[in-house]
Amino acid sequence: MSDDLTGLQQLLDLLTEQGDSEDTPIPLAIETSRGLLVACLRATKRPAYVINPMAAARYRERHAVTCKKSDQLDAMVLANILRTDAAAHRPLPEDSELVQSIAVLARAQQDAVWDRTQADNKLRSHLREYFPAFLTATQPLRDGLCSPIARAILAAAPAQAAALPRARLRSLIKKAGRKRNIEIETERLHAALQHPQMHQLPLVEQAIGLQTVTLLCKLEAAVRREVARCE
């Protein structure tokens, strides 16, 4: 059966042939709680059990020693899980439309946080290869590398931030939205960025700087998505 409207109708017809009714609905076992098919099945008010794929794989080993999967075997395994161990699993809750919509938004927010964290980690690891002083300089900032000041400085000079004059740093800090202690922050960043460190060869640093711009763009996009979800 396909996971579209035709497949849904075929599934409902098959359940009806097996004695499914409004008073005694046949429970279903599935491996995901998302998607149009799941939403439509939940709308029918029949019990739907979400079986973790890892748990289903352990049950599958009772019927086949190979790792090869098939739709028929998966369907039989899920059916047997409900037949023998239904009490060990929980059906999807009968959430209202509002609760389901909140769950979607909460999941989206969590995904946005994970995307931002992943982008932050990749850029941080990349900077360690040629500009560790930048990580030290931005660590005291709120949100660290993800802060508007850190992103503004890195965007302006991905490979030569240490050479930025105080006036340029001051301008970038203001552009990033800083309102207080601008002079203090300018001096701190200027000193931290110029702290002695090991260097790559000049052309290599320039090449790494170009890659930094790409990683920074991904971080910018991830931060914007996270902020948009919060709003």
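Just above, that's the structure.
Attention here is on the structure that accompanies the text. (Residues numbered from 1 in each chain as written. Predicted model: local features only at pLDDT ≥ 70, side-chain atom pairs only at ≥ 80, totals over all residues. Heavy atoms only, no water.)

A short note on the overall build of the protein chain
Then comes step 1: Across its full length, the protein chain carries 10 helices and two strands.
Then comes step 2: Mapped from its N terminus to its C terminus, the protein chain presents α and β elements in the order α-β-α-β-α-α-α-α-α-α-α-α.
Then comes step 3: Expected size for 231 residues packed as a compact globule is a radius of gyration near 17 Å; at 27 Å, the protein chain overshoots this value by more than 25%.
Then comes step 4: Buried positions account for 35% of the 231 residues belonging to the protein chain.
Then comes step 5: Carbon and sulfur atoms make up 56% of the accessible area of the protein chain, which amounts to about 15,100 Å² in all. (Helix = DSSP H or I, 4+ residues; strand = E, 2+ residues; numbered from the N terminus. Rg over C-alpha atoms; globule rule 2.2 N^0.38 Å. Buried < 20%, exposed > 50% of the residue type's maximum accessible area, 1.4 Å probe, protein only. Areas by Shrake-Rupley, 256 points an atom, 1.4 Å probe, with all protein chains shown as cover.)

Brief notes about the pattern of salt bridges
Then comes step 1: With the rule as written, the count across this model stands at nine salt bridges.
Then comes step 2: A salt bridge links R46 to D20; its shortest N-O distance comes to 2.4 Å. Placement of the pair is R46 in the loop between α2 (36-43) and β2 (48-50) and D20 in the loop between α1 (5-17) and β1 (28-30), with a sequence separation of 26 residues.
Then comes step 3: Given the relative accessible area of 9%, R46 is considered buried.
Then comes step 4: Here D20 falls in the buried class, since its relative accessible area comes to 13%.
Then comes step 5: Linking E220 and R151 is a salt bridge whose minimum nitrogen-to-oxygen distance equals 3.1 Å. On the criterion of sequence distance, the pair formed by E220 in helix α10 (residues 202-230) and R151 in helix α7 (residues 148-156) is long-range, its members being 69 residues apart. (Salt bridge = Lys/Arg side-chain N within 4 Å of Asp/Glu carboxyl O.)

Side note on the environment of L78
Then comes step 1: Note on placement: L78 falls in helix α4 (residues 71-85).
Then comes step 2: Its relative accessible area of 11% is what places L78 among the buried residues.
Then comes step 3: Expressed as a C-alpha distance, the spacing of L78 and K45, which sit 33 residues apart in the sequence, is 19 Å.
Then comes step 4: Look past the residues within four positions of L78 in its chain and what remains in contact with it is A29, I30, E31, I51 and A56. (Contact = heavy atoms within 4.5 Å.)

Focus on the packing of helix α3 (residues 53-60) against α4
Then comes step 1: For the pair α3 and α4, the least separation of the axes is 10 Å and the interaxial angle reads 95°. Judged on the interaxial angle alone, α4 and α3 are roughly perpendicular. Counting all contacts with α3, which are made through A56, Y59 and R60, the residues of α4 involved are L73, D74, V77, L78, I81 and D85.
Then comes step 2: When the residues that make up the contact of α3 with α4 are grouped by side-chain class, the tally is six nonpolar, no polar and three charged. (Axes fitted to C-alpha atoms, helices over the stretch in contact; angles between N-to-C directions. Parallel < 35°, antiparallel > 145°, perpendicular 65-115°, else oblique. Nonpolar A, V, L, I, M, F, W, Y, C, P; charged D, E, K, R; others polar.)

With respect to the side chain of E205
Then comes step 1: With respect to the helices, strands and loops of the structure, E205 is situated in helix α10.
Then comes step 2: For E205, which is buried and forms no salt bridge, the nearest opposite charge comes from R128, at a distance of 15 Å.
Then comes step 3: Reaching out from E205, the side chain makes a polar contact with the backbone nitrogen of Q200 at a distance of 3.5 Å.
Then comes step 4: If near-sequence neighbours (up to four positions away) are discounted, E205 is found in contact with Y130, A159, H199 and Q200. (Lys, Arg positive; Asp, Glu negative; His and termini not counted. Polar contact = N/O pair within 3.5 Å; in protein donor to acceptor, adjacent residues only side chain to side chain.)

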